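Chains, contacts and geometry: an overview
As a plain string of letters, each chain reads:
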Amino acid sequence: KQKTAYEIYQCDWSSDVCSSDLVYHAALPYHMLRRTWRIDPFNHDYHGASKSTPVNDGKNIYVGEDYGVMRAIDFEGNIQWEYASNADRGIHGTALVVDDTVFWGDYQGVLYAVDKHMGKLQWQLHLGETIGASPLYMDKAIYISVETFYRPNGFVAKVNARNGQVIWLSSYLGAQAHSSPTMSEDKSTIYVGSNNGYLTALNSDTGEVKWRFQTGAAIKGTPAVYGGAVYFCSWDSFMYKISSEGKQIWSSALGSGCQ
């Protein structure tokens, strides 16, 4: 086979110093990737690490930063708008785009609704000490996990997506809720994990607790729902499959904790 020369770049992004070398290979499975743009500074403040995952609506990318700024960036790397909050510990959750609105929470415990075209605030709602989770939207309502600094700790809020009015606040989960909420396939139940190792099922209409399932350590990640069952993992190094009634179907050892 005829071999092709590919120029491979190795870069130190902190100093922007790159070196290159030629690699000969008959076929590479993917096109070689190269950076086309970068925005500076980014995530340089309190935590200095990217936690907010970028999302896009086909036109812009929306991503939060560790010093409290939400940005809309087009696919050429041009900043369309910035919305700066007072959250000196940043935006950890991933934004949610619904129609013409971007929703997110920040580490000052505030939930925001901002026009996605201009970055203009539609409403904001202070719910707790911190919000590290990502919002869920269903039937004109936003569900979000909220953290508090006192015991009992952590809860889920259901908020009117149009005007920011609270529909319900759940009872306390017993520990901080970094886990983002998930909804059952029939829309009747919200599932959320908390740092005390419980997966809690809430009535989506009322916020009342349906059941709780205990693991051996914190549940940080977002549960997945499929086929009437809930899948999630815990810092106790197990992954679980739980029925919609809160009964364990199986658990599988992972070998390490799962974020």
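Residues numbered from 1 in each chain as written. Predicted model: local features only at pLDDT ≥ 70, side-chain atom pairs only at ≥ 80, totals over all residues. Heavy atoms only, no water.

1. Quick notes on the nonpolar core
Defined as follows: We define a nonpolar core as any set of buried Ala, Val, Leu, Ile, Met, Phe, Trp, Tyr and Cys residues linked to one another through side-chain atoms lying within 4.5 Å. The buried label goes to any residue with under 20% of its type's maximum accessible area, the exposed label to any with over 50%, and the partly exposed label to all in between, with areas taken from a 1.4 Å probe on protein chains only. The numbering of helices and of strands both runs from the N terminus, where a helix is a DSSP run of H or I of at least 4 residues and a strand a run of E of at least 2. Contacts are assigned to residue pairs with any non-hydrogen atoms lying within 4.5 Å of each other.
Membership of the largest hydrophobic core comes to 17 residues, with the highest contact counts inside it found for Phe103, Leu111, Trp123, Leu127, Ile144, Val146 and Ala157. Elements represented by at least two residues in this core include exactly β7 (96-98), β9 (110-115), β10 (121-126), β12 (141-146) and β13 (155-160). Setting aside chain neighbours within four positions, we find Trp123 in contact with Phe103, Leu111, Tyr112, Ala113, Val159, Asn160, Ala161, Arg162, Asn163 and Gly164. Counting twelve residues, the second-largest nonpolar core is a separate cluster that includes Tyr83, Val102, Trp104 and Val110.

2. Details of the state of the cysteines
The line we're drawing: Cysteine sulfur atoms are paired as a disulfide whenever they come within 2.5 Å of each other.
Applying the stated rule across the entire model yields one disulfide. Paired by a disulfide, Cys233 and Cys258 hold their sulfur atoms 2.0 Å apart. One end of the pair, Cys233, is in strand β20 (residues 229-233); the other, Cys258, is in the segment after β22 (248-253), with 25 residues separating them in the sequence. With a relative accessible area of 22%, Cys258 lands in the partly exposed category.

3. Quick look at the packing of aromatic side chains
Our working rule: Side-chain rings of Phe, Tyr and Trp (the six-membered ring for Trp) are treated as a pair once their centres are within 6.5 Å; stacked means planes under 30 degrees apart, edge-to-face means over 60, and tilted covers the remaining angles.
The tally for this structure, following the rule as stated, stands at 13 aromatic pairs. Relative to Tyr112, the ring of Trp104 lies with its centre 5.2 Å away and its plane at 20°, an arrangement referred to as stacked. Accessibility expressed as a relative area gives 1% for Trp104, which makes it buried. Residue classification places Tyr112 among the buried residues on the basis of a relative accessible area of 4%.

4. Thoughts on the environment of Tyr226
With respect to the helices and strands, Tyr226 occurs in strand β19 (residues 224-226). Accessibility expressed as a relative area gives 61% for Tyr226, which makes it exposed. Residues Tyr226 and Lys241 lie 15 residues apart in sequence; the distance between their C-alpha atoms is 10.0 Å. Apart from residues no more than four positions distant in its own chain, Tyr226 is found in contact with Glu185 and Tyr231.

5. What about the sheet that holds strand β8 (residues 101-105)?
Counted only if it meets this: A pair of strands is considered paired only if DSSP assigns at least 2 bridges between the two. Axis angles are defined between N-to-C directions and span 0 to 180 degrees, where every axis is a line fitted to C-alpha atoms and, for a helix, only to the segment in contact.
On the basis of which strands lie adjacent, the open sheet formed by four strands has the order β7-β8-β9-β10 and antiparallel pairing. The open sheet has two edge strands with one neighbour each: β7 and β10. Each neighbouring strand pair of the sheet contributes to a mean axis angle of 15°, computed without reference to strand direction. As defined by bridge partners, β7 adjoins β8 across three bridges and the pair is classed as antiparallel. By the bridge assignment for β8, Val97 is matched with Val102.

6. Side note on the sheet that holds strand β3 (residues 55-56)
The strand order across the open sheet built from four strands is β3-β4-β5-β6, with neighbouring strands paired in antiparallel fashion. The strands lining the two open edges of the sheet, one partner per strand, are β3 and β6 (79-84). Relative to strand β4 (residues 60-64), β3 runs antiparallel, the two sharing two bridges. Among the inter-strand pairings, Asn56 is bridged to a residue of β4, identified as Ile61.

7. Comments concerning a nonpolar patch on the surface
The condition is simple: Exposure above 30% relative accessible area and the absence of a salt bridge qualify a residue for a patch, where like charges join within 9 Å and nonpolar side chains (Val, Leu, Ile, Met, Phe, Trp, Tyr) within 5 Å. Accessible surface is estimated by sampling points in the Shrake-Rupley manner with a 1.4 Å probe; for residues, cover comes only from the protein chains shown. A pair is scored as a salt bridge if a Lys or Arg side-chain nitrogen falls within 4 Å of a carboxyl oxygen belonging to Asp or Glu.
A contiguous nonpolar surface patch, about 330 Å² in accessible area, is contributed by Met239, Ile249, Trp250 and Leu254. Examined against the element boundaries, Trp250 turns out to sit in strand β22. Judged by relative accessible area, Trp250 falls into the partly exposed class, the value being 33%.

8. Notes on the side chain of Ser145
Here is the rule we go by: Two N or O atoms form a polar contact when they lie within 3.5 Å of each other; inside protein one atom must be a possible hydrogen donor and the other a possible acceptor, and for residues adjacent in sequence the pair counts only when both atoms belong to side chains.
With respect to the element layout, Ser145 can be found in strand β12. Looking at Ser145, the relative accessible area reads 0%, which means it is buried. A polar side-chain atom of Ser145 sits 2.7 Å from the main-chain carbonyl oxygen of Ser179. When sequence neighbours within four positions are dropped, the list of residues in contact with Ser145 reads Ile131, Ala133, Phe155, Val156, Ala177, Ser179, Ser180, Pro181 and Val192.

Read these as layout, nothing more, since geometry by itself doesn't imply function.
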